[in-house]
Amino acid sequence: MKAVQIKPNIYWVGAIDWSMRTFHGYSTGRGSSYNAYLIIDDKVTLIDTVKAPFYEEMLARISSVIDPAKIDVIVSNHVEPDHSGSLALLCHHAATHATVVTSNPQGLKGLTARYGNLNYQPVKSGEEISIGKRTLKFVATPMLHWPDSMVTYCPEEKILFSNDAFGQHLAANKRFDDENDLHVIMEEARKYYANILMLYGKQAQGALKALSSLDIEMIAVGHGIIWRKHILDILAAYEKWSEGEVDDTKAVVAFDTMWGSTEKLAREITDAFTERGIKVSYFDLRCDHISDVVTAVLTSKYVAIGSPTINNQMMPPVAALLCYLKGFKPTGRKAIAFGSYGWGGQSVKLVEDELKAAGFEIAADMIRVANVPTQADLDDVREKIKAM
Ligand code: FEO
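Parameters and conventions
Residues numbered from 1 in each chain as written. Predicted model: local features only at pLDDT ≥ 70, side-chain atom pairs only at ≥ 80, totals over all residues. Heavy atoms only, no water. Pairing = 2+ DSSP bridges. Helix = DSSP H or I, 4+ residues; strand = E, 2+ residues; numbered from the N terminus. Axes fitted to C-alpha atoms, helices over the stretch in contact; angles between N-to-C directions. Buried < 20%, exposed > 50% of the residue type's maximum accessible area, 1.4 Å probe, protein only. Contact = heavy atoms within 4.5 Å. 1 Å grid on protein atoms, 1.4 Å probe; cavity = no way out; pocket = protein on both sides within 12 Å on 5 of 7 lines; lining within 4 Å. Points joined across faces, edges and corners; volume = space filled by probe spheres on them. Core = buried A, V, L, I, M, F, W, Y, C linked by side-chain atoms within 4.5 Å.

Undergrad: Pulling in residues and values, what's your account of the sheet that holds strand 2 (residues 10-12)?
TA: Across the sheet, which stays open at both edges, the 7 strands sit in the order 1-2-7-8-9-10-11 with mixed pairing between neighbours. Each having just a single partner strand, strand 1 (4-7) and strand 11 (120-123) make up the two edges of the open sheet. Strand after strand, the sheet turns through a mean of 25° between neighbouring axes, direction not considered. Two elements, strand 7 (residues 37-39) and strand 8 (residues 44-47), share 3 bridges in a ladder whose sense is antiparallel. Bridge assignment links Tyr-37 to a residue of strand 8, and that residue is Ile-47.

Here it is, written out as C-alpha coordinates:
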(Lines give C-alpha, C1' and ligand atoms only; values in the text may rest on other atoms or scores of the structure.)
Protein backbone atom coordinates (compact mmCIF):
# COMPACT_ATOMS: atom_id res chain seq x y z
CA MET A 1 0.00 0.00 0.00
CA LYS A 2 2.41 2.66 -1.25
CA ALA A 3 1.70 6.24 -2.31
CA VAL A 4 2.11 7.06 -6.01
CA GLN A 5 3.99 10.27 -6.79
CA ILE A 6 2.09 12.31 -9.38
CA LYS A 7 4.38 15.38 -9.25
CA PRO A 8 7.37 16.17 -7.03
CA ASN A 9 6.09 16.14 -3.44
CA ILE A 10 2.51 15.41 -4.52
CA TYR A 11 1.17 11.87 -4.09
CA TRP A 12 -1.94 9.83 -4.83
CA VAL A 13 -2.86 8.21 -1.49
CA GLY A 14 -6.33 6.90 -2.30
CA ALA A 15 -7.86 3.43 -2.36
CA ILE A 16 -8.89 1.02 -5.10
CA ASP A 17 -12.28 -0.67 -4.81
CA TRP A 18 -11.94 -3.59 -7.20
CA SER A 19 -15.19 -5.23 -6.08
CA MET A 20 -17.69 -2.34 -6.16
CA ARG A 21 -20.48 -3.34 -8.54
CA THR A 22 -23.13 -0.73 -7.72
CA PHE A 23 -23.05 2.95 -6.83
CA HIS A 24 -26.50 3.96 -5.63
CA GLY A 25 -28.19 2.01 -8.39
CA TYR A 26 -25.64 2.57 -11.16
CA SER A 27 -23.89 -0.65 -12.17
CA THR A 28 -20.11 -0.33 -11.88
CA GLY A 29 -18.73 -3.41 -13.58
CA ARG A 30 -15.16 -2.18 -13.50
CA GLY A 31 -15.08 -1.18 -9.80
CA SER A 32 -13.86 2.25 -8.75
CA SER A 33 -11.25 4.16 -6.82
CA TYR A 34 -11.50 6.85 -4.15
CA ASN A 35 -8.71 9.28 -4.86
CA ALA A 36 -7.03 11.29 -2.11
CA TYR A 37 -3.91 13.39 -2.71
CA LEU A 38 -1.14 14.36 -0.33
CA ILE A 39 0.88 17.57 -0.83
CA ILE A 40 4.12 17.90 1.11
CA ASP A 41 4.63 21.61 1.70
CA ASP A 42 5.13 23.86 4.74
CA LYS A 43 1.61 22.87 5.63
CA VAL A 44 1.16 19.19 4.82
CA THR A 45 -2.14 18.98 2.99
CA LEU A 46 -4.49 16.13 2.15
CA ILE A 47 -7.06 16.66 -0.61
CA ASP A 48 -10.14 14.54 0.13
CA THR A 49 -10.26 11.16 1.88
CA VAL A 50 -11.76 7.77 0.96
CA LYS A 51 -14.85 5.68 1.69
CA ALA A 52 -14.77 4.58 5.36
CA PRO A 53 -13.97 0.85 4.80
CA PHE A 54 -10.81 1.96 2.97
CA TYR A 55 -9.46 4.18 5.77
CA GLU A 56 -6.57 1.82 6.61
CA GLU A 57 -5.55 1.62 2.96
CA MET A 58 -5.38 5.40 2.72
CA LEU A 59 -3.53 5.64 6.02
CA ALA A 60 -0.94 3.09 4.86
CA ARG A 61 -0.34 5.05 1.65
CA ILE A 62 0.01 8.34 3.57
CA SER A 63 2.35 6.64 6.05
CA SER A 64 4.59 5.48 3.20
CA VAL A 65 5.41 9.20 2.68
CA ILE A 66 4.93 10.95 6.03
CA ASP A 67 3.55 10.45 9.52
CA PRO A 68 -0.21 11.20 9.20
CA ALA A 69 0.06 13.19 12.47
CA LYS A 70 1.93 15.82 10.42
CA ILE A 71 -1.09 16.62 8.24
CA ASP A 72 -2.01 20.27 8.82
CA VAL A 73 -4.83 20.78 6.33
CA ILE A 74 -7.47 18.45 4.93
CA VAL A 75 -9.46 19.84 2.00
CA SER A 76 -12.89 18.23 1.76
CA ASN A 77 -14.13 19.08 -1.73
CA HIS A 78 -17.37 17.13 -1.32
CA VAL A 79 -19.44 15.81 1.58
CA GLU A 80 -20.61 12.53 -0.04
CA PRO A 81 -19.17 9.65 2.05
CA ASP A 82 -17.21 8.09 -0.81
CA HIS A 83 -14.90 11.11 -0.34
CA SER A 84 -15.49 12.19 3.26
CA GLY A 85 -16.08 8.76 4.84
CA SER A 86 -12.64 8.62 6.48
CA LEU A 87 -12.53 12.27 7.54
CA ALA A 88 -13.70 11.90 11.13
CA LEU A 89 -11.55 8.79 11.70
CA LEU A 90 -8.54 10.66 10.40
CA CYS A 91 -9.22 13.79 12.46
CA HIS A 92 -9.91 11.86 15.68
CA HIS A 93 -7.14 9.26 15.47
CA ALA A 94 -4.32 10.24 13.12
CA ALA A 95 -4.32 13.86 11.95
CA THR A 96 -5.58 15.29 15.21
CA HIS A 97 -4.47 18.88 14.73
CA ALA A 98 -5.60 19.22 11.08
CA THR A 99 -7.87 22.00 9.87
CA VAL A 100 -10.70 20.83 7.58
CA VAL A 101 -11.34 23.17 4.65
CA THR A 102 -14.87 22.89 3.31
CA SER A 103 -17.27 24.94 1.21
CA ASN A 104 -19.35 27.60 2.93
CA PRO A 105 -22.18 27.09 3.76
CA GLN A 106 -23.16 23.73 2.22
CA GLY A 107 -19.98 21.77 2.94
CA LEU A 108 -19.85 23.00 6.50
CA LYS A 109 -23.50 22.09 7.01
CA GLY A 110 -23.12 18.63 5.46
CA LEU A 111 -19.91 17.67 7.24
CA THR A 112 -21.20 18.91 10.60
CA ALA A 113 -24.40 16.87 10.17
CA ARG A 114 -22.40 13.73 9.43
CA TYR A 115 -19.30 14.06 11.60
CA GLY A 116 -20.06 16.68 14.27
CA ASN A 117 -17.65 19.41 15.18
CA LEU A 118 -14.26 19.09 13.57
CA ASN A 119 -11.76 21.92 13.18
CA TYR A 120 -13.54 23.43 10.15
CA GLN A 121 -12.34 26.30 7.98
CA PRO A 122 -15.26 27.17 5.68
CA VAL A 123 -14.29 28.87 2.39
CA LYS A 124 -16.25 30.71 -0.28
CA SER A 125 -15.80 30.24 -4.02
CA GLY A 126 -12.70 32.12 -5.20
CA GLU A 127 -10.97 32.07 -1.80
CA GLU A 128 -7.34 30.98 -1.63
CA ILE A 129 -5.06 29.66 1.08
CA SER A 130 -1.28 29.39 1.10
CA ILE A 131 0.24 26.10 2.22
CA GLY A 132 3.84 27.29 1.76
CA LYS A 133 5.31 27.28 -1.74
CA ARG A 134 1.89 26.47 -3.11
CA THR A 135 -1.51 28.13 -3.16
CA LEU A 136 -4.85 26.39 -3.17
CA LYS A 137 -7.79 28.15 -4.77
CA PHE A 138 -11.33 26.88 -4.24
CA VAL A 139 -14.01 27.08 -6.93
CA ALA A 140 -17.62 26.16 -6.14
CA THR A 141 -19.12 23.58 -8.51
CA PRO A 142 -22.62 23.19 -7.04
CA MET A 143 -24.47 20.03 -8.12
CA LEU A 144 -21.30 18.45 -9.49
CA HIS A 145 -22.38 16.45 -7.72
CA TRP A 146 -24.09 17.81 -4.59
CA PRO A 147 -24.85 21.41 -3.54
CA ASP A 148 -21.65 21.51 -1.45
CA SER A 149 -19.26 20.40 -4.21
CA MET A 150 -16.16 22.44 -4.97
CA VAL A 151 -12.86 21.87 -6.77
CA THR A 152 -9.37 22.88 -5.66
CA TYR A 153 -6.84 24.42 -8.05
CA CYS A 154 -3.10 24.69 -7.40
CA PRO A 155 -1.71 27.36 -9.78
CA GLU A 156 1.98 26.63 -9.06
CA GLU A 157 1.48 22.99 -10.14
CA LYS A 158 -1.34 23.63 -12.65
CA ILE A 159 -3.31 20.79 -11.05
CA LEU A 160 -7.07 20.79 -10.72
CA PHE A 161 -8.29 18.50 -7.94
CA SER A 162 -11.72 18.02 -9.47
CA ASN A 163 -13.40 15.53 -7.13
CA ASP A 164 -16.47 13.99 -8.88
CA ALA A 165 -16.16 16.09 -12.06
CA PHE A 166 -14.37 14.34 -14.96
CA GLY A 167 -14.15 11.09 -12.95
CA GLN A 168 -14.91 7.50 -13.82
CA HIS A 169 -15.85 4.47 -11.76
CA LEU A 170 -12.87 2.44 -12.87
CA ALA A 171 -10.45 0.38 -10.78
CA ALA A 172 -6.95 0.18 -12.23
CA ASN A 173 -3.36 -0.38 -11.18
CA LYS A 174 -2.05 2.59 -13.15
CA ARG A 175 -3.11 6.11 -12.25
CA PHE A 176 -2.73 8.13 -15.49
CA ASP A 177 -4.71 8.34 -18.72
CA ASP A 178 -1.64 7.63 -20.87
CA GLU A 179 -1.01 4.42 -18.90
CA ASN A 180 -4.51 2.99 -19.45
CA ASP A 181 -6.78 2.24 -22.42
CA LEU A 182 -8.27 5.60 -23.43
CA HIS A 183 -11.33 3.93 -24.96
CA VAL A 184 -12.17 2.30 -21.61
CA ILE A 185 -11.55 5.53 -19.66
CA MET A 186 -13.80 7.56 -21.98
CA GLU A 187 -16.50 4.87 -21.92
CA GLU A 188 -16.51 4.95 -18.12
CA ALA A 189 -16.36 8.79 -18.06
CA ARG A 190 -19.43 8.84 -20.33
CA LYS A 191 -21.27 6.34 -18.12
CA TYR A 192 -20.31 8.38 -15.05
CA TYR A 193 -21.53 11.66 -16.59
CA ALA A 194 -24.79 10.04 -17.76
CA ASN A 195 -25.63 8.38 -14.46
CA ILE A 196 -24.32 10.99 -12.02
CA LEU A 197 -24.41 14.36 -13.77
CA MET A 198 -26.82 14.30 -16.74
CA LEU A 199 -29.50 16.16 -14.80
CA TYR A 200 -27.03 18.94 -14.01
CA GLY A 201 -26.03 20.01 -17.53
CA LYS A 202 -26.57 23.71 -16.80
CA GLN A 203 -24.44 23.51 -13.66
CA ALA A 204 -21.76 21.59 -15.59
CA GLN A 205 -21.73 24.37 -18.19
CA GLY A 206 -21.32 26.90 -15.37
CA ALA A 207 -18.42 24.91 -13.92
CA LEU A 208 -16.71 24.62 -17.32
CA LYS A 209 -17.00 28.39 -17.70
CA ALA A 210 -15.58 29.00 -14.22
CA LEU A 211 -12.66 26.66 -14.93
CA SER A 212 -11.96 27.93 -18.46
CA SER A 213 -9.56 30.65 -17.26
CA LEU A 214 -7.37 28.16 -15.38
CA ASP A 215 -4.14 26.83 -16.85
CA ILE A 216 -4.54 23.10 -16.27
CA GLU A 217 -1.83 20.48 -16.86
CA MET A 218 -3.40 17.75 -14.75
CA ILE A 219 -6.93 16.92 -13.62
CA ALA A 220 -6.62 14.87 -10.45
CA VAL A 221 -10.09 13.36 -10.29
CA GLY A 222 -11.90 11.94 -7.25
CA HIS A 223 -12.58 8.59 -8.97
CA GLY A 224 -10.68 6.60 -11.54
CA ILE A 225 -7.89 7.74 -13.80
CA ILE A 226 -6.01 11.08 -13.61
CA TRP A 227 -6.03 13.16 -16.80
CA ARG A 228 -2.73 14.58 -18.01
CA LYS A 229 -2.50 13.72 -21.72
CA HIS A 230 -6.15 13.87 -22.76
CA ILE A 231 -7.35 16.92 -20.79
CA LEU A 232 -8.76 18.59 -23.91
CA ASP A 233 -10.62 15.39 -24.82
CA ILE A 234 -12.43 15.14 -21.49
CA LEU A 235 -13.19 18.89 -21.41
CA ALA A 236 -14.61 18.69 -24.96
CA ALA A 237 -16.68 15.66 -24.00
CA TYR A 238 -18.11 17.50 -20.97
CA GLU A 239 -18.95 20.48 -23.22
CA LYS A 240 -20.87 18.20 -25.56
CA TRP A 241 -22.64 16.16 -22.89
CA SER A 242 -23.57 19.18 -20.78
CA GLU A 243 -25.00 20.99 -23.81
CA GLY A 244 -27.25 17.95 -24.37
CA GLU A 245 -25.78 17.38 -27.82
CA VAL A 246 -27.14 14.14 -29.32
CA ASP A 247 -26.18 12.10 -32.37
CA ASP A 248 -29.00 11.77 -34.91
CA THR A 249 -27.45 8.55 -36.21
CA LYS A 250 -27.94 6.78 -32.87
CA ALA A 251 -30.97 5.07 -31.33
CA VAL A 252 -31.73 3.12 -28.16
CA VAL A 253 -34.16 0.21 -28.08
CA ALA A 254 -34.98 -1.14 -24.61
CA PHE A 255 -37.70 -3.59 -23.64
CA ASP A 256 -38.91 -6.43 -21.49
CA THR A 257 -40.92 -9.32 -22.90
CA MET A 258 -43.03 -12.22 -21.59
CA TRP A 259 -43.46 -14.68 -24.44
CA GLY A 260 -41.45 -13.01 -27.18
CA SER A 261 -43.98 -10.72 -28.90
CA THR A 262 -42.60 -7.44 -27.53
CA GLU A 263 -39.13 -8.81 -28.29
CA LYS A 264 -40.21 -9.38 -31.92
CA LEU A 265 -41.29 -5.75 -32.10
CA ALA A 266 -37.94 -4.66 -30.61
CA ARG A 267 -36.08 -6.65 -33.28
CA GLU A 268 -38.23 -5.14 -36.04
CA ILE A 269 -37.68 -1.63 -34.68
CA THR A 270 -33.93 -2.32 -34.55
CA ASP A 271 -33.91 -3.53 -38.17
CA ALA A 272 -35.97 -0.51 -39.26
CA PHE A 273 -33.53 1.93 -37.65
CA THR A 274 -30.54 0.01 -39.02
CA GLU A 275 -31.92 0.11 -42.58
CA ARG A 276 -32.15 3.87 -42.26
CA GLY A 277 -28.46 4.12 -41.30
CA ILE A 278 -29.08 4.54 -37.59
CA LYS A 279 -26.91 2.61 -35.14
CA VAL A 280 -28.92 0.90 -32.42
CA SER A 281 -27.95 0.17 -28.82
CA TYR A 282 -30.20 -2.79 -27.99
CA PHE A 283 -31.13 -3.55 -24.38
CA ASP A 284 -33.11 -6.57 -23.20
CA LEU A 285 -34.03 -5.55 -19.66
CA ARG A 286 -34.17 -9.19 -18.56
CA CYS A 287 -30.39 -9.12 -18.63
CA ASP A 288 -29.21 -5.57 -19.29
CA HIS A 289 -28.87 -2.87 -16.63
CA ILE A 290 -30.85 0.37 -16.68
CA SER A 291 -27.69 2.43 -16.10
CA ASP A 292 -26.27 1.14 -19.39
CA VAL A 293 -29.50 2.23 -21.13
CA VAL A 294 -29.11 5.72 -19.63
CA THR A 295 -25.51 5.87 -20.86
CA ALA A 296 -26.68 5.14 -24.40
CA VAL A 297 -29.55 7.65 -24.11
CA LEU A 298 -27.01 10.40 -23.26
CA THR A 299 -25.79 10.57 -26.86
CA SER A 300 -28.76 9.14 -28.84
CA LYS A 301 -31.41 11.08 -30.74
CA TYR A 302 -33.98 8.26 -30.83
CA VAL A 303 -35.38 6.12 -28.03
CA ALA A 304 -37.88 3.22 -28.27
CA ILE A 305 -39.12 1.65 -25.04
CA GLY A 306 -41.33 -1.44 -24.99
CA SER A 307 -43.31 -3.50 -22.51
CA PRO A 308 -46.05 -6.11 -22.56
CA THR A 309 -48.95 -5.63 -20.16
CA ILE A 310 -48.93 -7.44 -16.83
CA ASN A 311 -51.75 -6.98 -14.33
CA ASN A 312 -52.82 -3.77 -16.13
CA GLN A 313 -49.28 -2.33 -15.77
CA MET A 314 -45.97 -2.28 -17.59
CA MET A 315 -43.30 -4.83 -16.61
CA PRO A 316 -41.42 -3.73 -13.44
CA PRO A 317 -37.97 -3.55 -15.14
CA VAL A 318 -39.42 -1.12 -17.70
CA ALA A 319 -41.03 0.92 -14.90
CA ALA A 320 -37.65 1.04 -13.15
CA LEU A 321 -35.95 2.27 -16.32
CA LEU A 322 -38.57 4.97 -16.92
CA CYS A 323 -38.49 6.11 -13.29
CA TYR A 324 -34.69 6.34 -13.45
CA LEU A 325 -34.72 8.10 -16.85
CA LYS A 326 -37.34 10.62 -15.71
CA GLY A 327 -34.93 11.83 -13.04
CA PHE A 328 -32.43 12.91 -15.70
CA LYS A 329 -34.93 14.97 -17.79
CA PRO A 330 -33.36 13.90 -21.11
CA THR A 331 -34.94 16.50 -23.42
CA GLY A 332 -34.10 16.98 -27.11
CA ARG A 333 -34.71 13.35 -28.03
CA LYS A 334 -37.47 11.61 -30.00
CA ALA A 335 -39.25 8.59 -28.56
CA ILE A 336 -41.78 5.90 -29.34
CA ALA A 337 -43.55 3.41 -27.04
CA PHE A 338 -44.25 -0.15 -28.08
CA GLY A 339 -45.53 -3.41 -26.67
CA SER A 340 -47.79 -6.42 -26.96
CA TYR A 341 -50.69 -7.64 -24.86
CA GLY A 342 -53.10 -10.54 -24.46
CA TRP A 343 -56.00 -8.50 -23.10
CA GLY A 344 -56.25 -5.07 -21.50
CA GLY A 345 -53.07 -3.70 -23.11
CA GLN A 346 -52.57 -0.70 -20.82
CA SER A 347 -48.77 -0.89 -20.73
CA VAL A 348 -47.95 0.91 -23.99
CA LYS A 349 -49.94 4.03 -23.10
CA LEU A 350 -48.35 3.99 -19.63
CA VAL A 351 -44.89 3.80 -21.23
CA GLU A 352 -45.75 6.67 -23.58
CA ASP A 353 -47.03 8.80 -20.68
CA GLU A 354 -43.79 8.23 -18.76
CA LEU A 355 -41.68 9.05 -21.82
CA LYS A 356 -43.59 12.34 -22.17
CA ALA A 357 -43.17 13.06 -18.46
CA ALA A 358 -39.43 12.45 -18.80
CA GLY A 359 -39.24 15.17 -21.46
CA PHE A 360 -39.06 13.09 -24.65
CA GLU A 361 -40.87 14.22 -27.78
CA ILE A 362 -43.27 11.47 -28.83
CA ALA A 363 -42.34 11.31 -32.49
CA ALA A 364 -44.67 8.56 -33.76
CA ASP A 365 -47.87 6.81 -32.70
CA MET A 366 -47.33 4.01 -30.21
CA ILE A 367 -46.92 0.46 -31.50
CA ARG A 368 -49.49 -1.69 -29.69
CA VAL A 369 -50.02 -5.27 -30.84
CA ALA A 370 -52.44 -7.95 -29.59
CA ASN A 371 -50.97 -11.41 -28.96
CA VAL A 372 -48.36 -12.07 -31.68
CA PRO A 373 -47.28 -9.49 -34.32
CA THR A 374 -48.56 -10.28 -37.82
CA GLN A 375 -46.73 -9.26 -40.98
CA ALA A 376 -49.10 -6.29 -41.21
CA ASP A 377 -48.08 -5.29 -37.66
CA LEU A 378 -44.39 -5.54 -38.57
CA ASP A 379 -44.98 -3.45 -41.71
CA ASP A 380 -46.65 -0.87 -39.47
CA VAL A 381 -43.53 -0.85 -37.24
CA ARG A 382 -41.40 0.06 -40.28
CA GLU A 383 -43.77 2.91 -41.20
CA LYS A 384 -43.70 4.33 -37.67
CA ILE A 385 -39.92 4.25 -37.40
CA LYS A 386 -39.78 5.92 -40.81
CA ALA A 387 -42.17 8.59 -39.47
CA MET A 388 -39.78 9.33 -36.59
FE1 FEO B 1 -18.02 10.57 -5.65
FE2 FEO B 1 -20.76 12.61 -5.22
O3 FEO B 1 -19.42 11.41 -4.74
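Undergrad: Report on the side chain of Asn-163, specifying residues and quantitative values.
TA: With respect to the secondary-structure elements, Asn-163 resides in strand 15 (residues 159-163). When its relative accessible area of 2% is taken as the criterion, Asn-163 is described as buried. Contacts of Asn-163, omitting those with residues within four sequence positions, involve Asp-48, Asn-77, His-78, His-83, Met-150, Ala-220, Val-221, Gly-222 and His-223.

Undergrad: Tell me about empty space enclosed by the protein, residues and numbers included.
TA: Counted according to the given criterion, the structure contains 1 cavity of 30 Å³ or more. The space that makes up the largest cavity amounts to roughly 40 Å³. Along its surface, the largest cavity is lined by Thr-141, Leu-144, Val-151, Ala-165, Phe-166, Ala-204, Ala-207, Leu-208, Leu-211 and Tyr-238. If one sorts the elements of the lining of the largest cavity by residue count, helix 6 (residues 201-211) sits on top with 4 residues.

Undergrad: Give me the lowdown on the sheet that holds strand 13 (residues 135-140), citing residues and values where you can.
TA: The 5 strands lie next to each other as 12-13-14-15-16, forming an open sheet whose pairing is mixed. A single partner strand is all that each edge strand has here, and the edge strands are strand 12 (128-130) and strand 16 (218-221). The average angle at which neighbouring strand axes cross in this sheet is 20°, direction not considered. Relative to strand 16, strand 15 runs parallel, the two being bridged by 4 bridges. Residue pairing in the sheet places Ile-159 in a bridge with Met-218 of strand 16.

Undergrad: An account of the nonpolar core is requested, with residue identities and associated values reported.
TA: Of all hydrophobic cores here, the largest spans 95 residues; its most connected members are Leu-46, Phe-166 and Trp-227. The element that contributes the greatest number of residues to this core is helix 5 (residues 182-197), accounting for 9 residues. Every residue in contact with Leu-46, bar those within four places of it in the chain, is listed here: Val-13, Ala-36, Tyr-37, Leu-38, Met-58, Ile-62, Ile-71, Val-73, Ile-74, Val-75 and Leu-90.

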